[in-house]
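The primary structure of each chain is shown beneath.
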Amino acid sequence: MHQTAILKAPYFDPIAARERLTAFWQDGGVASEMRNKALNELKNLKSVGRAAAESQLRADGNGRRCAEGLSLMQDDIIRLIYDFAVTHVYRAQNPSSAERMAIVATGGYGRGLLAPGSDIDLLFLLPYKQTAWGESVAEYILYFLWDLGYKVGHATRTVEQCLRYAKTDLIIRTSLLDARCILGDEELFQHMRTRLWQSIESGSPRDFIDAKLKERDQRHDRSGASRYRVEPNIKDGKGGLRDLHTLHWLATYLNPGLTYDEFVQTGLLSSAEYSTYRRCEDFLWTVRCHLHFLAGKAEERLTFDLQPEMAARLRYRNRGGLIAAERFMKHYFLVAKDVGDLTRTVSSSLEVKQLKSVPGLDTILSTLTWRSRNKLASTSEFRIENNRITVKKDDAFRTNPTNLIRLFTLAERYKVQLHPDVIRLARASLKLVDDKLRQDAEANRLFLDLLTSRTNSENSLRDMNEAGILGRFIPDFGRVVSMMQFNMYHHYTVDEHLIRAVGILSDIENGRLSDELPLSTEIISDIQNRRALYVAVFLHDVAKGREEDHSTAGATVAREIGPRLGLTPPAVETVAWLIEHHLVMSQFAQSRDISDPRTIQDFASIVQSPERLKLLVLLTVADIRAVGPGIWNGWKGQLLRGLYYETEPLLAGGHTKVARSTQIRVAQDKLRKALGDWSGDERETLIARHRPAYWLRTDTARQVENAWLMRTPLTLASPLAYDVKTDDFAALTELTIYTKDNPKLLALLAGVCAATGANIVSAQISTTTDGMALDVLSLQKVYSSDEETDRAHRIARLASEVLRGERDLKALLADRRKPKSVLSAFTVRTQVIIDNSLSDEHTVIEVNGLDRPGLLFDITAAIAGLDLDISSAHVATFGEKAVDVFYVTDFRKQKITKEPHKHRAREKILAAMQHGSS
């Protein structure tokens, strides 16, 4: 079969290029014209070379070879510019000893590796005695590179300046570790290198090592503290290329002149670990080069919109319940995990060797703990030294595989870290985690003790996972290790999410989240099934990535694993029930009208007992908070608390259903009392204006506020009255609008909110018997209270202007309708569900689809166009997916029951979602 030939690095003939540049000068003419000709020639060479590099990358998939080729091409371009400058532009007739220089590549470019969009780091190394010639040549080269479109990090220094700056600046010292002479005075360069290494060898490496590891930690914090973020930074993120660079710098600093093939000689990595290092580096360079070519710039984040194309370039396919992008990202996270293992091993080795500052013992280590450690040292196969646990003999795991589980329980109990030697030994012993160990009663007891630790087992579970033992001991957990979900809602891989959820549950139990989670903190001390709850939290998403619904499949997994862990049959069923229903409470809280009695009855029929209700609250809170930063907020907490407080009396048997007429009469009497300063006629007129539903879902305090608002006289100039309240704890800004009723009022308000960037999370709509509307919009709070209040005032003023016809709503929305580019990467099934079984008085319309600016406006405008009244709206977004639920009636205040009417409503809403409202 004929194959297209791929041009190998350096991608063009530098000798032929030099001859063409010389010809431009020989042709004569104005200097600027000759420079332009040379610039165009080099632009063409750069373009051809980059295209060849990308073609080679796509053909052989070798990112390191691509980076090496681009570095070689860059060397040639710099050599051509230098030659053009010193031969034709700044030619020295009788060069003195001062008219010489070395052009030096530093940083990654110095290592001979260059990504397509990387900066070019250059050092123009000059002798002690300088002339204008050196600075002129350096300036000429820089301007040429800038005109070619390169980003150049540069410095012009003497040898003494390099050494002086390297002593005080960690970044400069690090960049010089990889310095490489591209061209020029090799003797000058070698003099600088020799002096640099003499300076390094005469000092202590500890300060450099501590500084580089601190720099690494700060970099991780900036790019996201977890290596399992689903849009990772492949360069600076945890588990990225920079972590490998850090290992290289540490090894190089300890062993000047070290080459890649001599890496193992440092003793920091074993031969097998070094093979892992090279494999990870090759993969990350391949991803990085593809990423730069895809984005057309130095993009280091694997964003959602780039992941599908990246998966296609690397030839991943949909398989095993995972789409191609998810399979690619799972591979990425497995590599990031390996990088993390290497980083932790090297860091631990340095600490043990006391080259890295040893952290002080944890302040919680009391004398009793110290005595317990001594007892451990005298009675077990483990010992603790320098705050790290290790085995006494190298055959400790082989002679008793249960010790592979015991290692982590002891580390958790004594609050010590793992010794690097024991980590290596554990990884080398993974084959010992077999079916026999999985069925071992002692091993399972130890694991359950670890999982349900009274302190916090999160870090120990993570260590166990990253050592590879957790996924082998619990194979179903192993299936979700490094598994990502291709959506914008989940921020972490599935395994990291589960471990974080366990940590959050422990934080709740230990009172560390009492201010944020008062209900959860209160009820966790009353639960009877503590161990079952921890197991459920640990396993709730363990069946992700399967064809079957993960909640149902997860319950099956729990019934298989529970007995093995030593749980009683009732506890196993509790775990299975919790996993099967772990999404139910959040769905009811965020998408159903809690003020509708049918909602509470339906939820109570699922939960059935107060104990299950408490367990479900705790699992739901831990699950949502472990999804990622910014997902949990006070509004979600308020919804869950409201659902709990409404349901708990019904399940506890203390609730007796009061007739609606009695509830309404009691509510009206409370308002009469609260409005004691009003005249009797005013009170009765106000009470007569409200419909029955208003009294059932509005508390007395809100009724009083609304009463005063409804006293405001409305005119053509002021067609609405409004009130604003902010709630920091619930993270809400509440905007109440009082105006003349209009079928399109909610759509108008939704449009104005969209135009101002405000996010509606719920809406309560009330209409009076005399044709007025009282709408309460709950807006997600993102600013300070003062800023939120100002924004709510702007929304109200803008709504008033639209009502008066002074502003065009569609024009206001025009700019906001442009979807975020990242959303184009996702496909969300558009769905409209019309259900009459969820409420006794309303038809419930649930709308699912891809979120976008103005979506709520389009949906509510379509509903208004159907002559339907919206009683309440519940708006939720899960990353890229919008789930909006509306309680509606027709113009006769009846449900929509006829199939033709339901079909028309469904089609019109679908059309509005896809094409916008007309």
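Each remark here, short or long, concerns the structure printed above.
The notes below deal with the structure included here. Since the model is a prediction, treat every value here as computed from it, not as a measurement.

## Some remarks on the overall build of the protein
Next up, step 1: In terms of helices and strands, the protein carries 40 helices and 15 strands.
Next up, step 2: Expressed as a percentage of contacts within the protein between residues at least 6 apart in sequence, the contacts between residues at least 24 apart total 72%.

## What about the environment of Ser482?
Next up, step 1: On the secondary structure map, Ser482 appears in the loop between helix H22 (475–478) and helix H23 (494–509).
Next up, step 2: Measuring from C-alpha to C-alpha, the distance between Ser482 and Arg327 comes to 9.6 Å, with 155 residues separating the pair along the chain.

## A word on the sheet that holds strand S4 (residues 180–184)
Next up, step 1: Across the sheet, 4 strands lie side by side as S3-S2-S1-S4; this open sheet has mixed pairing. What marks the edges here is a single partner per strand, and that holds for strand S3 (152–158) and S4. Averaged over all adjacent pairs, the angle separating strand axes in this sheet is 25°, with direction ignored.
Next up, step 2: Taken together, the 7 bridges between strand S2 (residues 120–126) and S3 define a ladder with parallel strand orientation. Its bridge partner lying in S3, Leu122 is registered against His154.
Next up, step 3: Packing of helix H3 (residues 63–89) onto the sheet brings it into contact with strand S1 (102–105), S2 and S4, and relative to S4 it is tilted by some 30°.

## A short note on the sheet that holds strand S9 (residues 732–740)
Next up, step 1: Spatially, 8 strands are ordered S8-S9-S11-S10-S14-S15-S13-S12 in an open sheet, and the strand pairing comes out antiparallel. Single-partner strands in this sheet number two, and they are strand S8 (720–727) and strand S12 (831–835). Between one strand axis and the next, the sheet turns by 15° as a mean value, whatever way the strands run.
Next up, step 2: Here S8 runs beside S9; their pairing, made up of 8 bridges, is antiparallel. Looking at the pairing, Asp727 lines up with Leu732 of S9.

## Some remarks on the packing of helix H30 (residues 610–625) against helix H31 (residues 634–652)
Between two packed helices, what matters for the description is the angle formed by their axes and the separation of those axes.
Next up, step 1: Two elements in contact, H30 and H31, have axes separated by 10 Å at closest approach and are oriented at 170°. Relative to H31, the element H30 lies roughly antiparallel. Here Pro610, Leu613, Lys614, Val617, Thr620, Val621 and Ile624 of H30 lie close against H31, whose contacting residues are Lys636, Leu640, Tyr644, Thr647, Glu648, Leu651 and Ala652.
Next up, step 2: Residues belonging to the contact of H30 with H31 are distributed by class as follows: 9 nonpolar, 2 polar and 3 charged.

## Examining the pattern of salt bridges
Next up, step 1: Scanning the model with the defined rule gives 56 salt bridges in all.
Next up, step 2: Here Arg462 makes a salt bridge to Glu496, at a shortest N to O gap of 3.1 Å. Of the two residues, Arg462 is situated in helix H20 (residues 458–466) and Glu496 in helix H23; the sequence distance between them amounts to 34 residues. Accessibility classification places Arg462 together with Glu496 in one group, the buried group.
Next up, step 3: The closest approach of N and O atoms between Arg592 and Asp602, which form a salt bridge, is 3.1 Å.

## As for the nonpolar core
Next up, step 1: Core analysis: the largest hydrophobic core is formed by 112 residues, its most contacted members being Ile103, Leu122 and Phe328.
Next up, step 2: Ranked by the residues each element gives to this core, the list is headed by H3, at 12 residues.

## Focus on unusual backbone geometry
Next up, step 1: One non-glycine residue, Lys415, lies in positive phi territory at about 55°.
Next up, step 2: Tracing the chain through its elements places Lys415 in the loop between helix H16 (403–414) and strand S7 (417–418).
Next up, step 3: A positive phi angle, near 75°, is found at Gln608, a position not held by glycine.
Next up, step 4: Its place among the elements puts Gln608 in the loop between helix H29 (597–607) and H30.

## Here's the deal with a positive patch on the surface
Next up, step 1: A surface patch of positive charge is lined by Lys744, Lys810, Arg904 and Lys908.
Next up, step 2: Relative to the assigned elements, Lys810 resides in helix H38 (residues 809–814).
Next up, step 3: Looking at Lys810, the relative accessible area reads 43%, which means it is partly exposed.

## Observations regarding helix H19 (residues 441–451)
Next up, step 1: The complete set of buried residues in H19 reads Ala443, Asn444, Leu446, Phe447, Leu448, Leu450 and Leu451.
Next up, step 2: Where H19 begins, one side-chain oxygen reaches toward the backbone nitrogen of Glu442, 3.1 Å away; that side chain belongs to Asp440.

## Regarding the pairing of S2
Next up, step 1: Among the 7 residues that make up S2, 6 are buried, leaving the element largely enclosed by the rest of the structure.
Next up, step 2: Note: S1 against S2, 4 bridges, orientation antiparallel. Directly across from Ala105, in S2, lies its bridge partner Leu122.

## Let's talk about the packing of helix H27 (residues 569–580) against H30
Next up, step 1: With their axes 10 Å apart at the nearest point, H27 and H30 run at an angle of 55° to one another. It follows that H27 is oblique to H30 by the angle criterion. Regarding H27 and H30, the two cross each other, and that crossing is right-handed. From H27, Thr574, Trp577 and Leu578 reach across to H30, where they touch Arg612, Leu615, Leu616 and Leu619.
Next up, step 2: Here the contact of H27 with H30 is composed, by residue class, of 5 nonpolar, 1 polar and 1 charged.

Thresholds applied
- Residues numbered from 1 in each chain as written.
- Predicted model: local features only at pLDDT ≥ 70, side-chain atom pairs only at ≥ 80, totals over all residues.
- Heavy atoms only, no water.
- Helix = DSSP H or I, 4+ residues; strand = E, 2+ residues; numbered from the N terminus.
- Contact = heavy atoms within 4.5 Å.
- Pairing = 2+ DSSP bridges.
- Axes fitted to C-alpha atoms, helices over the stretch in contact; angles between N-to-C directions.
- Parallel < 35°, antiparallel > 145°, perpendicular 65-115°, else oblique.
- Nonpolar A, V, L, I, M, F, W, Y, C, P; charged D, E, K, R; others polar.
- Salt bridge = Lys/Arg side-chain N within 4 Å of Asp/Glu carboxyl O.
- Buried < 20%, exposed > 50% of the residue type's maximum accessible area, 1.4 Å probe, protein only.
- Core = buried A, V, L, I, M, F, W, Y, C linked by side-chain atoms within 4.5 Å.
- Patch = residues over 30% accessible without salt bridge, like charges linked within 9 Å, V, L, I, M, F, W, Y side chains within 5 Å.
- Areas by Shrake-Rupley, 256 points an atom, 1.4 Å probe, with all protein chains shown as cover.
- Lys, Arg positive; Asp, Glu negative; His and termini not counted.
- Charge placed at Lys NZ, Arg CZ, Asp CG, Glu CD.
- Polar contact = N/O pair within 3.5 Å; in protein donor to acceptor, adjacent residues only side chain to side chain.
- Left-handed = near helix turned anticlockwise from the far one by under 90°.

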